[in-house]
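# Working through the structure, step by step
These are the residues of each chain, in order.
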Amino acid sequence: MDIPYTATARPDTGVYNAKVGIWLFLASEVMLFGGLFSAYIFLRIGAPAWPGMLGGQLYKTSFDVLNVPIGTFNTMILIASSVTIVMSWASLMMNDFKKYKRYMGLTILCGLAFLVVKAFEYNAKFSHGLFPADGNFLAIYFTLTGLHGLHVVGGIIVNSYFWGPGSKMWKTDPKRFTNRIEVAGLYWHFVDIVWIFLFPTIYLL
Amino acid sequence: MSDSAHAEDVKKHVRIYIAVFGALAALTVITVAVAYLHLSIVPALIVALFIAGIKGSLVAAYFMHLISEKKVIFALLIFTVIFLVVLFVLTISSYHDQIGGHIVP
């Protein structure tokens, strides 16, 4: 049995089914990250100093623990990837499959670059003896950025499938494939929005 | 974006996407620059969340096409926002409900 309304809009909702599906999923994701952000607020308002004592040393600001220029650079990478993925969808809307491949490829590369930079950041913390168990600041930092990183990994896997073997659908069902890329884009933009709030919250405040 | 979007409309949107990228990059630079002023926590929080709110809205409105989306998606989002606000209110009010003392950092 075929899945209904994958290419055309369902008459009662006015959108294709996968779009309702991805927004429902993103709603659950808002609650997942919302729970962790509220945990951050809870820890923060109860702390006499923030970041406070970490590994036997007192840190007065998050600037003393985290590398703000590197975090800013990673923010720029993620913003750029949001543009490239929306451009990949726009390319399909304009029937330009070659451009789609180029933009989706760039999106995947941006995602990988983000993870490599994050790995360097994590390594810098570990090499200074700063681990998640060494204080509430580090615990919430690693939890939030780690969960966000996992979402980036998930997005890269899906985007790579649509860049590679999944792109065969363009020849058989271009409208459905274009919708798939829009849905993948909605997820990727959500991951970007989470970082847009996570970066100032953890790195700058 | 609605399913009736045409290729011509998309070409116009591409210019908007580039402009939004410029705005997001500029706002990122501004939020970091303000952070280096090391304001006290309340003004710093207001500025940081205000800028993050604008950036998030730009991504949602233009990249996620919410500016031209159908009612069913907004209905979903209204429920999401309500539940998120309840989650935050419950958490913060539970902080004031504890018996004495600070949380050990």
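Residues numbered from 1 in each chain as written. Chains lettered and ligands numbered in written order. Predicted model: local features only at pLDDT ≥ 70, side-chain atom pairs only at ≥ 80, totals over all residues. Heavy atoms only, no water.

Within chain A, the regular secondary structure consists of six helices and two strands. Projecting the C-alpha coordinates of chain A onto the three principal axes gives extents of approximately 60 × 35 × 25 Å. Within the span of chain A, comprising 205 residues, buried residues form 56% of the whole. Within chain A, contacts between residues separated by at least 24 positions form 74% of all contacts whose residues are at least 6 apart in sequence. By element, 68% of the accessible surface of chain A is carried by carbon and sulfur atoms, the whole surface being about 8,500 Å². (Helix = DSSP H or I, 4+ residues; strand = E, 2+ residues; numbered from the N terminus. Buried < 20%, exposed > 50% of the residue type's maximum accessible area, 1.4 Å probe, protein only. Contact = heavy atoms within 4.5 Å. Areas by Shrake-Rupley, 256 points an atom, 1.4 Å probe, with all protein chains shown as cover.)

In this section: helix α3 (residues 71–95) of chain B. With 25 residues, α3(B) extends 37 Å from end C-alpha to end C-alpha; this agrees with the ideal 36 Å at 1.5 Å per step. Taken residue by residue, α3(B) has B:I73, B:L76, B:T80, B:T91 and B:Y95 as its buried positions. On its buried face, α3(B) is in contact with α1 (17–45) of chain A. (Expected span 1.5 Å × (residues − 1).)

Another aspect to go through is the interface of chain B and chain A. Much of the literature gives interface size as the accessible area that the parts lose upon coming together. At the interface, 51 residues of chain B touch 57 residues of chain A. Between chain B and chain A the total buried area reaches about 4,800 Å² when both faces are included, carbon and sulfur atoms providing 81% of it. Where chain B touches chain A, the interface holds one salt bridge. Viewed at the interface, chain A and chain B are joined by four residue pairs in polar contact (both at pLDDT 80 or more). Mapped onto the side of chain B that touches chain A, the elements with two or more residues apiece are α1 (7–35), α2 (41–63) and α3 of chain B. A class-by-class count of the residues in the side of chain B that touches chain A yields 36 nonpolar, 10 polar and five charged. (Buried area = accessible area lost by both parts, 1.4 Å probe. Salt bridge = Lys/Arg side-chain N within 4 Å of Asp/Glu carboxyl O. Polar contact = N/O pair within 3.5 Å; in protein donor to acceptor, adjacent residues only side chain to side chain. Nonpolar A, V, L, I, M, F, W, Y, C, P; charged D, E, K, R; others polar.)

Once that is clear, we can look at the pattern of salt bridges. With the rule as written, the count across this model stands at four salt bridges over all chains. Between A:E182 and A:K19 there is a salt bridge; the shortest N-O distance is 3.4 Å. With A:E182 in helix α6 (residues 174–204) and A:K19 in helix α1, this pair connects stretches of sequence that are 163 residues apart. Among the ionic contacts, a cluster of salt bridges with common partners joins A:K19, A:E182 and B:E69.

Another point: a nonpolar patch on the surface. All names here are of chain B. On the surface, I78, F79, I82, F83, V86 and L90 cluster together into a nonpolar patch covering about 620 Å² of accessible area. Considering the arrangement of structural elements, one finds I82 in helix α3. Of the residues examined, I82 reaches a relative accessible area of 46% and is grouped as partly exposed. (Patch = residues over 30% accessible without salt bridge, like charges linked within 9 Å, V, L, I, M, F, W, Y side chains within 5 Å.)

Here we take up the nonpolar core. Residue and element names in this part refer to chain A. Within the largest apolar cluster, 86 residues are counted, with the highest numbers of intra-cluster contacts made by W23 and I202. No other element matches the 18 residues that α6 contributes to this core. If sequence neighbours within four positions are ignored, I202 has contacts with Y40, S62, L66, F137, I140, Y141 and L144. (Core = buried A, V, L, I, M, F, W, Y, C linked by side-chain atoms within 4.5 Å.)

Okay, unusual backbone geometry next. For the bond running from A:W50 to A:P51, omega is 5°, close enough to zero to count as cis. Within the secondary structure, A:P51 sits in the loop between α1 and β1 (52–54). The backbone of A:Y5 sits at a positive phi, close to 55°, despite the residue not being glycine. Considering the arrangement of structural elements, one finds A:Y5 in the segment before α1. Its identity is not glycine, yet B:H38 carries a phi of approximately 50°, on the positive side. Examined against the element boundaries, B:H38 turns out to sit in the loop between α1 and α2. A residue is classified by how much of its surface remains accessible, and B:H38, at 47% relative accessible area, is partly exposed.

To continue, consider the environment of A:T61. Residue and element names in this part refer to chain A. Inspection of the secondary structure assignment puts T61 in the loop between β2 (57–59) and α2 (68–93). Expressed as a C-alpha distance, the spacing of T61 and T143, which sit 82 residues apart in the sequence, is 19 Å. Sequence-distant contacts of T61, that is, excluding residues within four places in its chain, are made with W50 and P51.

Turning our attention to the packing of α1(A) against α6(A). Residue and element names in this part refer to chain A. In contact at an axis separation of 10 Å, α1 and α6 are set at 10° when each is read in the N-to-C sense. When the axes of α1 and α6 are compared, the pair comes out roughly parallel. Side by side, α1 and α6 meet where A18, K19, I22, W23, F25, L26, E29, V30, F33, F37, Y40 and R44 of the first sit next to E182, V183, L186, Y187, F190, V194, F197, L198, T201 and I202 of the second. (Axes fitted to C-alpha atoms, helices over the stretch in contact; angles between N-to-C directions. Parallel < 35°, antiparallel > 145°, perpendicular 65-115°, else oblique.)

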